[in-house]
Amino acid sequence: MNNIALPLFSVSPAEIIAQLPYIAGSASLVVHTAGGTSDPFSFTILPQAPAIFQEGGLVQVFRMDNNEPVNFTNPVHPSSELIIYLAGLGLTTPLPALGTAAPSNPMALVTAPPTVTLGGAPMTVVTAALVPGQIGVYAIIVKAPGTVQNSPSTPLTITAGTISATYSVRVVSP
């Protein structure tokens, strides 16, 4: 991409999983294989574009008190702390080299922390950083509001820069 070799994590006939550089702006991607070289594919990289990881249709949001995923039987409670695993939070300090794992000391903290809301109510962002030992995986630790409305489908919204991503979680006030 833009004459920068990208770290590849998986390659198949239908999909390439690679890490993009921590830069924003116009980009041109060319794929080189033993069979030849592709035409350039132009696209734009946004400075931030949050997207929560999902597995089996469930977002990767965990309650910190039991380290279990938030789901129908393990809902969000008032004042509970959550850890959200995602991509797209942009630059960090320090900024790891492309293709290298995030450091643990010091942690790679997001330079422009996101805002997070639950049912429209602000959540306290405790930290937003790259996960130590991972490549391109961010984690946000947040604290839920002290008062929450019971709902099987409460919007959890993460906003970074001008981009927001909203997912539904179950909230129960025990």
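Residues numbered from 1 in each chain as written. Predicted model: local features only at pLDDT ≥ 70, side-chain atom pairs only at ≥ 80, totals over all residues. Heavy atoms only, no water.

K.L.:
Help me out: how do you make sense of the layout of surface pockets in this one?
P.N.:
Leftover empty space is mapped by rolling, across the atoms, a probe with the size of a water molecule. Computed from the structure, the largest pocket encloses a volume of approximately 680 Å³. Taken together, 26 residues form the lining of the largest pocket, with Leu20, Ala87, Gly88, Gly136 and Tyr138 sitting closest to its centre. The set of elements that each furnish at least two residues to the lining of the largest pocket consists of β2 (16-18) and β6 (41-45). Approximately 460 Å³ is the volume found for the second largest pocket. Surrounding the second largest pocket, 18 residues form its lining, Leu6, Leu8, Leu29, Val30 and Val31 being those nearest its centre. For the lining of the second largest pocket, the elements supplying multiple residues, two or more each, are β1 (8-11), β2, β3 (25-29) and β4 (32-33). Of the residues belonging to the lining of the second largest pocket, the class tally is 13 nonpolar, five polar and no charged. (1 Å grid on protein atoms, 1.4 Å probe; cavity = no way out; pocket = protein on both sides within 12 Å on 5 of 7 lines; lining within 4 Å. Points joined across faces, edges and corners; volume = space filled by probe spheres on them. Helix = DSSP H or I, 4+ residues; strand = E, 2+ residues; numbered from the N terminus. Nonpolar A, V, L, I, M, F, W, Y, C, P; charged D, E, K, R; others polar.)

K.L.:
Please clarify how the pairing of strand β17 (residues 138-143) should be interpreted in this entry.
P.N.:
Consecutive side chains along a regular strand alternate between the two faces of the sheet. Counting buried positions along β17 yields five of six residues, so the element is predominantly enclosed. Here strand β12 (residues 81-87) runs beside β17; their pairing, made up of six bridges, is antiparallel. By the bridge assignment, Leu82 is partnered in β17 with Val142. Two strands pair when backbone bridges link them, and strand β16 (residues 121-130) and β17 are joined in this way by six bridges, in the antiparallel orientation. Within β17, the position partnered with Ala129 by the bridge is Ala139. (Buried < 20%, exposed > 50% of the residue type's maximum accessible area, 1.4 Å probe, protein only. Pairing = 2+ DSSP bridges.)

K.L.:
Sorry, what's going on with a nonpolar patch on the surface here?
P.N.:
A surface patch of nonpolar side chains, about 290 Å² in accessible area, is lined by Leu8, Val11 and Ile16. You can see Leu8 is positioned in strand β1. (Patch = residues over 30% accessible without salt bridge, like charges linked within 9 Å, V, L, I, M, F, W, Y side chains within 5 Å. Areas by Shrake-Rupley, 256 points an atom, 1.4 Å probe, with all protein chains shown as cover. Salt bridge = Lys/Arg side-chain N within 4 Å of Asp/Glu carboxyl O.)

K.L.:
How should I be thinking about the nonpolar core in this particular structure?
P.N.:
As a rule of thumb, nonpolar side chains are buried together in soluble globular proteins. With 30 residues, the main nonpolar core has Ile52, Ile84, Leu118, Ile140 and Leu156 as its most contacted residues. Where this core is concerned, the elements lending two or more residues are β12, β15 (115-118), β16, β17, β18 (151-160) and β19 (163-171). If we ignore the near neighbours within four places in the chain, the residues touching Ile140 are Leu82, Ile83, Ile84, Leu86, Leu89, Pro114, Val116, Val125, Thr127, Ala128 and Ile158. (Core = buried A, V, L, I, M, F, W, Y, C linked by side-chain atoms within 4.5 Å. Contact = heavy atoms within 4.5 Å.)

K.L.:
Just checking my understanding: could you explain the packing of aromatic side chains for this structure?
P.N.:
By convention here, two paired aromatic rings are described through the distance between centres and the angle between planes. Counting across every chain of the model gives two aromatic pairs. Here Phe41 and Phe43 contribute two aromatic rings whose centre-to-centre distance is 5.8 Å and whose plane-to-plane angle is 25°, an arrangement assigned as stacked. What makes Phe41 exposed here is its relative accessible area of 52%. Residue Phe43 is classed as partly exposed on the basis of its relative accessible area of 21%. Plain terms: the ring middles of Phe62 and Tyr85 are 5.8 Å apart, the flat faces sit at 75° to each other, and that makes the pair edge-to-face. Note that Phe62 is positioned in strand β10 (residues 61-63) and Tyr85 in strand β12, a separation of 23 residues in sequence. Looking at Phe62, the relative accessible area reads 15%, which means it is buried. The class for Tyr85 is partly exposed, based on a relative accessible area of 25%. (Phe/Tyr/Trp six-rings, centres within 6.5 Å; stacked < 30°, edge-to-face > 60°.)

Purely geometric stuff here, so don't read any function into it on its own.
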